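# A look at the structure
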Amino acid sequence: MYKKNNMEVYPVMVPTSNKLASINFFLVKQANSLTLIDAGLNNDDCWNALQLTLKDHDYTLTDITGILLTHNHIDHIGLVNRIVSTHSIPVYAHPYAKLILKRDTQYMKMRIEFFRKLYQEMGCGEFGDKQVDDARNPIILRENKTIHCEIQEFTNNHLIGFDIFEIPGHTPDQVAFYNKECKWLFAGDLLMQHIPSNAMVEPNYDGTRTKSLVQQKQSLEKCLSLNSELVFSGHGSTIENPVDLLKERIKEIDEKANKYINIIQSGNSTASGIAQFVYKEKYEQQFFNTMSKVIGYLDYLELQGKITKEMEKGIWHYYCREWS
Ligand SMILES: [Zn+2]
């Protein structure tokens, strides 16, 4: 438990066997509220862990007064339906998250077409097409992952003792909750102690593509500027004095970007070719992830003016800028 000023945080940390180490969500007690920040996965492990944490502090499920969501991923929203079905409480999320969590039909159609076109243009060919077809239900539509209750959009940048600000990159809808008095930051999946966060390439509202890694770096810089003392992370351990780690994650982005320049210089010109070169068999096993990483770095280098792209027969080819 963490206690400072009038705030108490009871982390719910559910260990996982994968590289995420744990799935974390948080009960936050303030004078007149018991807020849940994120809601784990929809499974018994998370459900039981939440019940146990409540019980440890002499609360029950019905004492929870509201839910704040950092982003739309299934390991952050899992228990919302189950909790809200026991008693009706407000659930808050970013407007982008709402589109996904409500499975807005138009938006979902746009999303599928977005990925289909993206992977074609990135040179993934039939393999990319097949990935989109296969992922239609589990990843892109996820119809069975709908949130049933009403979702309230954040309408201003302050709610239940927190400043709310956007930290896109991992997802376009990611937000952070910051308590200024405690200097405590709830940052979703922006920062993890043990692994760097993925910046997932996604469509914006209007179907344009996010420059996810560029956003990720800006979001890390934004958090660095807060000088927070504690970051409550979506996975892995809670991060004390996060300044050094934030600086390290920012530096890693530039170091890795430079490696991509070498790869492009050696003659790999399409995102698909680069992904296969860098990630080998992972390209097929973790297609969406590896493509997101590569496209993220290509966007980043392009914005810095270090590479340029040309479309040839419907496929983007990337080249290093010649310096004279
Ligand atoms: Zn996530």
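Residues numbered from 1 in each chain as written. Predicted model: local features only at pLDDT ≥ 70, side-chain atom pairs only at ≥ 80, totals over all residues. Heavy atoms only, no water.

With that settled, consider helix α7 (residues 212-226). An ideal rise of 1.5 Å per residue puts 21 Å on 15 residues; α7 measures up with 21 Å between its terminal C-alpha atoms. All of the buried residues along α7 are S212, L213, V214, Q215, Q216, K217, S219, L220 and C223. For α7, the secondary structure elements touched by its buried residues are β9 (162-166), β11 (184-186), α8 (243-265) and α11 (287-303). Remark: N227 follows α7 within two positions and exhibits a positive phi of approximately 55°. (Helix = DSSP H or I, 4+ residues; strand = E, 2+ residues; numbered from the N terminus. Expected span 1.5 Å × (residues − 1). Buried < 20%, exposed > 50% of the residue type's maximum accessible area, 1.4 Å probe, protein only. Contact = heavy atoms within 4.5 Å.)

Between any two of four tetrahedral donors, the ideal angle at the metal is 109.5 degrees; between two of six octahedral donors, it is 90 or 180 degrees. At this site the zinc ion is bound by H71 (NE2), H73 (ND1), H170 (NE2) and D189 (OD), with donor distances of 2.1 to 2.4 Å. Of note is the zinc ion, whose 4 donor atoms meet at the metal with angles of 88 to 168° in an arrangement that counts as irregular. Here the donor residues for the zinc ion map to a single chain with the spacing H-x1-H-x96-H-x18-D. Note that H71 is positioned in the loop between β5 (66-68) and α2 (74-77) and D189 in the loop between β11 and α7, a separation of 118 residues in sequence. (Donors = N, O, S within 2.8 Å, 3.2 Å for Na, K, Ca; no water. Tetrahedral: all angles 85-135°; square planar, octahedral: opposite > 155°, others 65-115°.)

Going through the model one piece at a time under the given rule, you end up with 15 salt bridges. Here K180 and D163 are joined by a salt bridge, their closest N and O atoms 2.9 Å apart. With K180 in the loop between β10 (175-179) and β11 and D163 in strand β9, this residue pair connects regions lying 17 residues apart in the sequence. Counted as one network, the salt bridges with shared partners bring together E113, R116, D129 and D133. (Salt bridge = Lys/Arg side-chain N within 4 Å of Asp/Glu carboxyl O.)

A few words now on the sheet that holds strand β8 (residues 158-159). Judged by pairing direction, the sheet is mixed, and its 6 strands sit side by side in the order β8-β9-β10-β11-β12-β13 without closing on themselves. The open sheet has two edge strands with one neighbour each: β8 and β13 (239-240). As judged from the 2 bridges shared by β8 and β9, these two strands associate in the antiparallel manner. Bridge pairing in β9 places L159 opposite F162. Those strands touched by α7 are β9, β10 and β11, and its axis lies near 155° from that of β9. (Pairing = 2+ DSSP bridges. Axes fitted to C-alpha atoms, helices over the stretch in contact; angles between N-to-C directions.)

This next bit is on the packing of α8 against α11. Across the interface, α8 lies against α11 with an axial gap of 10 Å and an inter-helix angle of 90°. In terms of orientation, α8 lies roughly perpendicular with respect to α11. The residues of α11 that touch α8, namely those facing E252, I253, D254, K256, A257, Y260, I261 and I264, are V294, Y297, L298, Y300 and L301. Residue classes in the contact of α8 with α11 are distributed as 10 nonpolar, no polar and 3 charged. (Parallel < 35°, antiparallel > 145°, perpendicular 65-115°, else oblique. Nonpolar A, V, L, I, M, F, W, Y, C, P; charged D, E, K, R; others polar.)

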